[in-house]
Amino acid sequence: MRSVDVLVLGAGITGISAALHLQGRGWNALVVDAQGPGEVSSRGNTGILERTGFLPLDVPSGAGEVLSSVLGRGPAMRIEARTLPALLKFLRLARQHTASPSVGRLARALAPLQSSAIGEHLAIARAASAFRFFRRTGWLKIYRSERGLASCEVERHFARIIGVPYEDCGAHDIARLEPDLVVHGAAGVFWPESQSVSSPGGVTKAYARFFRERGGEIASGDPSSLEPAWSGWQVRTARGMVAANHVVLALGADTLPLLARFGLSMPLAELCNRHRHFRAVSGVGLSRPVSDVDGGFLLTPMERGVRLVADRQLAPAGRPGDEEAGSPGFERAVERARALMPLGASVEDVPVVGRRVLTPDGLPAIGQVPGAAGLWLQLGSGSAGFALAPAMGRMLAELMSGDPVFVDPVPFAPARLLVG
Ligand SMILES: Cc1cc2nc3c(=O)[nH]c(=O)nc-3n(C[C@H](O)[C@H](O)[C@H](O)COP(=O)(O)OP(=O)(O)OC[C@H]3O[C@@H](n4cnc5c(N)ncnc54)[C@H](O)[C@@H]3O)c2cc1C
């Protein structure tokens, strides 16, 4: 049987970034996926490299908020009633973590990883000839109600402590930044240090190409065939079984069913969104990602057109909701988006569903699975998973190589979440 140093399961931005960092440290890495690189969440996201996002995601908390999510009221994330029982543990833990003083500790743990995220991306992008995708756009968030604006005060509070600049904007400032938006009386917050990419899937594919150019291999295979082998692990690929002493699980939400086979579980959730591209209208432009917070949607310029992301749904991890069903919530967001700026015809026939994994404390899980020698995890980076992937990959490669780790890895240890 063929053997390599490490099997990386998952060819999304997380797996490819880890493989690149391991390769850079001399590991012979084989990436295994059922699809080509960057075909799942790493393609269907908003492409923001955020300098905010050091707080756990604000999930529904308390009976009133949970009920309004189940009833699908307002712009908050919705929850399907049938999935609520399976989500209760996640919601309870997430609520504990969003309470002070936990939130300050978590923000401080994530801040060093966040602050290195853009630099780590750009270092790979430069080497991988992917620089053309990156834009210094900043990120504009618009609030139409006092309540909406008040909701971001905790974020601004920690931005001041951590030293991330932001600018409060009135309607005039918004018009200066984005002259084609119609924003009567709205207020906003501009995060100038955030960047964005014009094609997250394009970035992932370019990184994968770079991995191959340096001698790495990406094989079609079945990660769910993973099993312990004589001295390590083995997995089935299109070219037969391959063994390695180490394996990295970077399968996004689908990591959980695999862990379950080894008697392990984690209290994770998935946040699903729909997105769709719209052609530009002559003479109308958008220069950067713009979130309409009270409207519950985000617009961002991409290679394929203006990408509208909306209709957030919280679901138990590994059990996504009604992907095939139509989405009245998404259609309502399209109407609201058209009121914000003129949009041309839609590019896709139906919206595309994207999934991202959330941990209850908002920190990704990066490190070894206790009690399973050579089994490493890399997941749960939530809404910042695209931005954080290269920094997470570096952290994992340093841990696996026994090198000094550039960010304290303790708060990210998977052991804090694993049950088994
Ligand atoms: C709507 C939306 C907007 C987002 N916006 C942003 C943003 O602006 N900025 C940001 O930083 N992050 C954002 N994210 C998060 C980001 O997209 C994800 O965190 C990131 O792409 C996760 O990458 P990944 O490689 O872990 O997962 P994926 O890209 O999903 O890759 C997992 C890979 O594993 C493979 N796989 C899984 N299971 C199996 C199996 N059983 N057999 C074979 N192959 C398998 C899949 O084929 C896939 O290639 C967003 C996510 C969504 C959904």
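Residues numbered from 1 in each chain as written. Predicted model: local features only at pLDDT ≥ 70, side-chain atom pairs only at ≥ 80, totals over all residues. Heavy atoms only, no water.

Chemist: Explain the overall build of the protein residue by residue, including any values.
Modeler: Along the backbone of the protein there are 11 helices and 19 strands. At 21 Å, the protein has a C-alpha radius of gyration in line with the 22 Å of a compact globule built from 420 residues. Dimensions of the protein along its principal axes, counting C-alpha atoms only, are 65 × 45 × 45 Å. Burial statistics for the protein: of 420 residues in total, 57% are counted as buried. (Helix = DSSP H or I, 4+ residues; strand = E, 2+ residues; numbered from the N terminus. Rg over C-alpha atoms; globule rule 2.2 N^0.38 Å. Buried < 20%, exposed > 50% of the residue type's maximum accessible area, 1.4 Å probe, protein only.)

Chemist: Explain the site of the ligand to me, and be specific about the residues and the numbers.
Modeler: Inspection of the region around the ligand gives 31 residues, with T14, D33, S42, I48 and A387 positioned closest. At 3.4 Å from a nitrogen atom of the ligand is found a main-chain nitrogen or oxygen belonging to A34. Between S383 and the ligand, the recorded distance is 2.9 Å, taken from a backbone N or O atom to a nitrogen atom. Coverage of the ligand by the protein chains reaches 91% of its 1000 Å² of free accessible surface. If you list the elements that add at least two residues to the shell around the ligand, you get helix 1 (13-24), strand 17 (352-358) and helix 11 (385-401). Here the shell around the ligand is composed, by residue class, of 12 nonpolar, 15 polar and 4 charged. (Near = heavy atom within 4 Å. Polar contact = N/O pair within 3.5 Å; in protein donor to acceptor, adjacent residues only side chain to side chain. Areas by Shrake-Rupley, 256 points an atom, 1.4 Å probe, with all protein chains shown as cover. Nonpolar A, V, L, I, M, F, W, Y, C, P; charged D, E, K, R; others polar.)

Chemist: Mind laying out the side chain of T255, listing which residues take part and the relevant values?
Modeler: With respect to the helices and strands, the residue T255 is situated in helix 9 (residues 255-261). At a separation of 2.7 Å, a polar atom in the side chain of T255 contacts the main-chain carbonyl oxygen of G252. Contact partners of T255, with chain neighbours within four places excluded, come to L249, A250, L377 and L379. (Contact = heavy atoms within 4.5 Å.)

Chemist: Tell me about the pattern of salt bridges, and name the residues and values.
Modeler: Under the definition given, this model contains 26 salt bridges. One salt bridge in this structure joins R25 and E398, with 3.4 Å as the shortest N-O distance. Here R25, found in the loop between helix 1 and strand 2 (29-33), pairs with E398, found in helix 11; they are 373 residues apart in sequence, far enough to count as distant. Taking the relative accessible area as the measure of exposure, R25 reaches 31% and is therefore partly exposed. Close ionic contact of R51 with E193 constitutes a salt bridge, the shortest N to O distance being 3.6 Å. (Salt bridge = Lys/Arg side-chain N within 4 Å of Asp/Glu carboxyl O.)

Chemist: Describe the nonpolar core, and please don't skip the residues or the numbers.
Modeler: One recurring pattern in soluble globular proteins is that nonpolar side chains are buried together. Counting 51 residues, the largest nonpolar core has L113, F134 and Y207 as the members making the most contacts within it. Residue assignment for this core shows that the elements contributing at least two residues are strand 1 (2-9), helix 1, strand 2, helix 4 (102-127), helix 8 (200-213) and helix 11. In terms of residues, this core owes the most to one element, helix 11, which gives 10 residues. Residues within four places of F134 in sequence aside, it is in contact with L49, H121, L122, A125, S196, V197, V203 and Y207. L7, L251, L256 and V357 belong to the second largest nonpolar core, which has 31 residues in total. (Core = buried A, V, L, I, M, F, W, Y, C linked by side-chain atoms within 4.5 Å.)

Chemist: Explain unusual backbone geometry to me, and be specific about the residues and the numbers.
Modeler: One non-glycine residue, S129, adopts positive backbone phi at about 55°. Mapped onto the elements of the fold, S129 is located in the loop between helix 4 and strand 5 (134-135). Judged by relative accessible area, S129 falls into the exposed class, the value being 61%. Even without a glycine there, the phi angle at D311 is positive, about 65°. Along the polypeptide, D311 turns up in strand 16 (residues 305-316). D311 gets classed as buried once you look at its relative accessible area, which sits at 10%.

Chemist: Talk me through the sheet that holds strand 3 (residues 48-49); I want residue IDs and the actual numbers.
Modeler: For sheets, the rule is that strands pair by backbone hydrogen bonds, running either parallel or antiparallel. Across the sheet, 3 strands lie side by side as 3-9-5; this open sheet has antiparallel pairing. Because the sheet does not close on itself, it has two edges, and the strands there are strand 3 and strand 5. (Pairing = 2+ DSSP bridges.)

Chemist: Lay out the packing of aromatic side chains in plain terms, naming residues and giving numbers.
Modeler: Inspection of the entire model under this criterion finds 2 aromatic pairs. Each ring, one from Y166 and one from W191, has its centre 5.4 Å from the other, and the planes form 45°; the classification is tilted. With Y166 in the loop between helix 6 (153-162) and strand 7 (167-169) and W191 in strand 8 (residues 187-191), this residue pair connects regions lying 25 residues apart in the sequence. With centroids separated by 5.6 Å and ring planes inclined at 75°, the aromatic side chains of W233 and F262 adopt a geometry described as edge-to-face. (Phe/Tyr/Trp six-rings, centres within 6.5 Å; stacked < 30°, edge-to-face > 60°.)

Chemist: Pulling in residues and values, what's your account of the environment of P360?
Modeler: Locating P360 in the fold gives a position in the loop between strand 17 and strand 18 (365-368). With a relative accessible area of 3%, P360 lands in the buried category. Not counting residues up to four positions away in its chain, the partners in contact with P360 are F90, L93, A94, H97, P267, L268 and L417.

Chemist: For the side chain of S17, give the residues involved together with the corresponding values.
Modeler: Positionally, S17 belongs in helix 1. In contact with S17, other than residues within four places in its own chain, are A389, P390 and G393.

Chemist: Describe the environment of P223, listing the residues and the values that go with them.
Modeler: Topologically, P223 is positioned in strand 10 (residues 217-229). We classify P223 as buried; its relative accessible area is 10%. On a C-alpha basis, the gap between P223 and D254 in space is 9.8 Å, while along the polypeptide they are 31 residues apart. Those residues within four positions of P223 in sequence are excluded, and the remaining contacts are L9, V32, V235, L251 and L258.

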